[in-house]
Every structure is written in C-alpha cells, then in structure tokens.
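Survey of secondary and tertiary structure
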Amino acid sequence: TKSPNQNTVVTTSEGLTSEFLLEKKSIWNHILQFSKVQKDHPWYKVILHTIPISEFSGPDGMDLILDEVKTFNNGLNPVGKPYWLTTSEKRTSLRAGAVVIAFATEQEATRAIQNRLYIAGISVRVEKHYSTAPSSQCQKCQGFGHLDSYCKRTASCGLCSGKHSTKQHLWNSSRAEACL
C-alpha cells in the first residue's frame with residue numbers, strides 16, 4: 001500500500017517477517033524502486049506550541065527545529081521530519097504556530113511534555129499528538145480531522161448549526177422547528 005506521503009508500505013505476515021525480507025533484500029531489490037528500506041517502528045509524536053513562524057518557515061526550517069531540540073534539550077533525539085500543524089494559510093497571518101515532532105521512545109516524548117522544550121531561546125509548551133483521520137467528525141463543533149475530546153472550538157449543533165451542542169437541541173414537533 002501507499003502511505004499518505006506516498007511511501008510504499010509492505011505488510012508482512014507471521015511466516016514472512018520484516019526481518020526475513022530485509023535479510024533477503026538482494027532477491028527483491030530490483031523489483032521495487034526505493035532509496036531507503038526500514039522496518040516500521042512506532043514513533044511518539046508531540047506538538048510544540050508557539051514556534052516562531054518567521055524563524056522556521058524557510059526551506060531548512062524543520063531541520064532547524066531538529067537542531068534546536070537536540071542542542072538545547074539535553075538527551076532528546078527527535079526522529080523523522082517535523083511538520084507544521086498550523087496550515088500555511090494561517091501561518092501567513094500569525095507570529096507563532098504549532099509543529100509536530102516525533103521521538104523513538106515514549107520516555108523521550110513524556111520527558112518533553114513534562115519539562116517543555118527550548119526552541120529559539122523560549123520555553124515552549126509540549127503536548128501529546130493524537131492522530132485522527134481527516135474524515136473523523138467532531139461531535140462538538142462538527143468540524144473534521146479532530147475529536148470532541150480535544151476540541152477547543154465553540155459548540156455547533158449537528159441538527160440546526162446553532163451555537164449549542166447537539167445534546168442541547170430542542171425540537172418542537174408542532175411547529176417543525178428547532179432550537180434553544
């Protein structure tokens with residue numbers, strides 16, 4: 001299958017493990033075009049808040065984030081490529097945004113959350129990143145891509161779009177209209 005980043009993902013089974021495939025790479029490497037092969041390892045993602053957009057929005061911005069974490073946060077080693085959680089459209093009008101980074105161990109992620117991180121000379125708040133499918137709908141604001149348990153938006157009724165939760169929606173059947 002293909003990942004969201006268009007990487008090829010090979011799913012193995014009990015009889016055909018990833019270790020076996022990597023051991024026999026010379027047999028199949030001419031069939032698939034690739035620049036790198038690696039075994040899937042879980043990553044522990046966190047969100048860094050209030051990252052200065054002007055300092056990290058350039059082509060090397062995410063590499064600079066990695067350098068900042070490694071240099072000014074003793075013993076933390078992020079993995080992978082960080083990315084902006086704040087949309088590029090929103091970043092044009094904001095001074096700071098949110099960035100997602102990952103760690104190889106849960107202990108590193110927890111340490112970053114508990115101690116905050118130093119980026120660009122400031123202490124930034126860190127929280128756990130909860131992955132949600134873009135098609136997931138929030139029952140609080142009716143928006144997509146997040147769940148109501150983490151929603152900070154204003155409530156919106158799923159029946160009438162009023163500024164109240166769907167649970168608070170009242171229905172008047174004699175007049176066939178709704179609301180509070």
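Shown above is the structure to which this text applies.
Keep in mind it's a predicted model, so treat the numbers as computed, not measured. (Residues numbered from 1 in each chain as written. Predicted model: local features only at pLDDT ≥ 70, side-chain atom pairs only at ≥ 80, totals over all residues. Heavy atoms only, no water.)

**Brief notes about the overall build of the protein**
- Within the protein, the regular secondary structure consists of six helices and eight strands.
- The N-to-C order of helical and strand elements in the protein reads α-α-β-α-α-β-α-β-α-β-β-β-β-β.
- Over its C-alpha atoms the protein spans a radius of gyration of 22 Å, topping by over 25% the 16 Å that the globule rule assigns to 180 residues.
- On the principal axes, the C-alpha backbone points of the protein span a range of 75 × 50 × 30 Å.
- Across the 180 residues in the protein, those meeting the buried criterion constitute 29%.
- Partitioning the intrachain contacts of the protein with sequence separation of at least 6 by distance along the chain shows that 46% fall at a separation of at least 24.
- Split by element, the accessible area of the protein, about 12,700 Å² in all, is 51% carbon and sulfur. (Helix = DSSP H or I, 4+ residues; strand = E, 2+ residues; numbered from the N terminus. Rg over C-alpha atoms; globule rule 2.2 N^0.38 Å. Buried < 20%, exposed > 50% of the residue type's maximum accessible area, 1.4 Å probe, protein only. Contact = heavy atoms within 4.5 Å. Areas by Shrake-Rupley, 256 points an atom, 1.4 Å probe, with all protein chains shown as cover.)

**Some details on the pattern of salt bridges**
- Here the structure, examined in full by the defined rule, presents two salt bridges.
- The shortest N-O distance in the salt bridge between lysine 81 and aspartate 63 comes to 3.2 Å. Separated by 18 residues along the polypeptide, lysine 81 in strand β2 (residues 78-84) and aspartate 63 in helix α4 (residues 61-72) bring together distant segments of the chain.
- For glutamate 127, the salt bridge is made with arginine 125, and the minimal N-O distance between the two is 3.9 Å. (Salt bridge = Lys/Arg side-chain N within 4 Å of Asp/Glu carboxyl O.)

**Topic: the nonpolar core**
- Leu48, Ile51, Ile65, Ile101, Leu117 and Ile119 are the most contacted members of the largest nonpolar core, which has 19 residues in total.
- Put simply, the parts of the chain that give this core at least two residues each are β1 (44-52), α3 (53-56), α4, β3 (96-103), α6 (106-115) and β4 (117-119).
- When near neighbours in sequence (up to four residues on either side) are disregarded, isoleucine 119 contacts Leu48, Ile51, Phe56, Ile65, Glu68, Val69 and Val124. (Core = buried A, V, L, I, M, F, W, Y, C linked by side-chain atoms within 4.5 Å.)

**Concerning the state of the cysteines**
- Counted under the stated rule, the structure contains zero disulfides.
- Cysteine 141 takes part in no disulfide bond, and the closest cysteine sulfur, belonging to cysteine 151, lies 3.8 Å away. (Disulfide = S-S within 2.5 Å.)

**A closer look at α4**
- Given a rise of 1.5 Å per residue, twelve residues ought to cover 16 Å, and the 16 Å separating the end C-alpha atoms of α4 matches this to within 8%.
- Of the residues making up α4, those classed as buried are Gly61, Met62, Ile65, Leu66, Glu68 and Val69. Burial along α4 is one-sided: seen end-on, the buried residues are contained in an arc of 160°.
- Among the structural elements, β1, α3, β2, β3 and β4 are those in contact with the buried residues of α4. (Expected span 1.5 Å × (residues − 1). Arc of directions from axis to C-beta.)

**Quick word on unusual backbone geometry**
- Notably, threonine 50 is not glycine yet its phi reads approximately 55°, a positive angle.
- Here threonine 50 shows up in strand β1.
- Despite not being glycine, glutamine 142 has its phi angle at roughly 75°, a positive value.
- Note on placement: glutamine 142 falls in the loop between β6 (126-128) and β7 (171-172).

**Considerations on the sheet that holds β1**
- Reading across from one edge, β2-β3-β1-β6 is the order of the four strands in this open sheet, with antiparallel pairing throughout. At either margin of the open sheet sits one strand with a lone partner, and together these are β2 and β6. Across the sheet, the axes of successive neighbouring strands diverge by a mean angle of 25°, strand direction being ignored.
- By the bridge criterion, four bridges tie β2 to β3 in an arrangement that is antiparallel. If you follow valine 79 over to β3, its bridge partner there is alanine 102. (Pairing = 2+ DSSP bridges. Axes fitted to C-alpha atoms, helices over the stretch in contact; angles between N-to-C directions.)

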